[in-house]
Amino acid sequence: MHGLFLLGSNYLVTSIVLCCMMIFIIDKRWDMAAFWSLIGGVCSLFGLMHNIKLGFWVKRKNFGWRFCVAYASCAALFMCLHLAQRYNLIDPPRAKDEKYLDPDNDVIDVTDERPSITTDHKFYEDEA
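Residues numbered from 1 in each chain as written. Predicted model: local features only at pLDDT ≥ 70, side-chain atom pairs only at ≥ 80, totals over all residues. Heavy atoms only, no water.

**Structural notes on a nonpolar patch on the surface**
Turning to step 1, where the next piece is worked out: Together, Y11, L12, V13 and I16 make up a nonpolar patch on the protein surface, roughly 420 Å² of accessible area in all.
Turning to step 2, where the next piece is worked out: Tracing the chain through its elements places I16 in helix α2 (residues 11–26).
Turning to step 3, where the next piece is worked out: Judged by its relative accessible area of 44%, I16 is partly exposed. (Patch = residues over 30% accessible without salt bridge, like charges linked within 9 Å, V, L, I, M, F, W, Y side chains within 5 Å. Areas by Shrake-Rupley, 256 points an atom, 1.4 Å probe, with all protein chains shown as cover. Salt bridge = Lys/Arg side-chain N within 4 Å of Asp/Glu carboxyl O. Helix = DSSP H or I, 4+ residues; strand = E, 2+ residues; numbered from the N terminus. Buried < 20%, exposed > 50% of the residue type's maximum accessible area, 1.4 Å probe, protein only.)

Written as structure tokens, this is what we have:
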């Protein structure tokens, strides 16, 4: 239970780092995911994440260094995936104009521009 408590301490910085890691994992940008994982490791080592007090936490009873090792392990895994991606062993990163499938199996083009309420006045005229 103490690990869950430390996971929630300084939750704002923790959620920013984990969210950025997840965004780049979804987009298959392994180099950027490794970068954010290293940021998380440094922040947890100095007490900005997963700790109650600021400071350099390498003592045996403190848990900051354990989170740092976990983030460093994730960064090593992401860099291995980045190298595999560079040598075409795994899929390349997603392009910004890639088409996705919705649950009804219809293709959605994410680059389509929808009418804006503030700039497209024809949108209001069609409804009248």
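The structure having been displayed, the exposition proceeds.
**Focus on unusual backbone geometry**
Turning to step 1, where the next piece is worked out: Positive phi, normally seen in glycine, also occurs at K28, with a value near 60 degrees.
Turning to step 2, where the next piece is worked out: Mapping K28 onto the fold places it in the loop between α2 and α3 (30–45).
Turning to step 3, where the next piece is worked out: Phi at N88 takes a positive value of approximately 60 degrees, unusual for a residue other than glycine.
Turning to step 4, where the next piece is worked out: Its location among the elements puts N88 in the loop between α4 (64–86) and β1 (99–101).

**Overview of the side chain of H82**
Turning to step 1, where the next piece is worked out: Of note, H82 is situated in helix α4.
Turning to step 2, where the next piece is worked out: The class for H82 is buried, based on a relative accessible area of 15%.
Turning to step 3, where the next piece is worked out: Apart from residues lying up to four places away in sequence, H82 is in contact with W30 and D31. (Contact = heavy atoms within 4.5 Å.)

Functional significance is not addressed by these values, which are geometric in nature.
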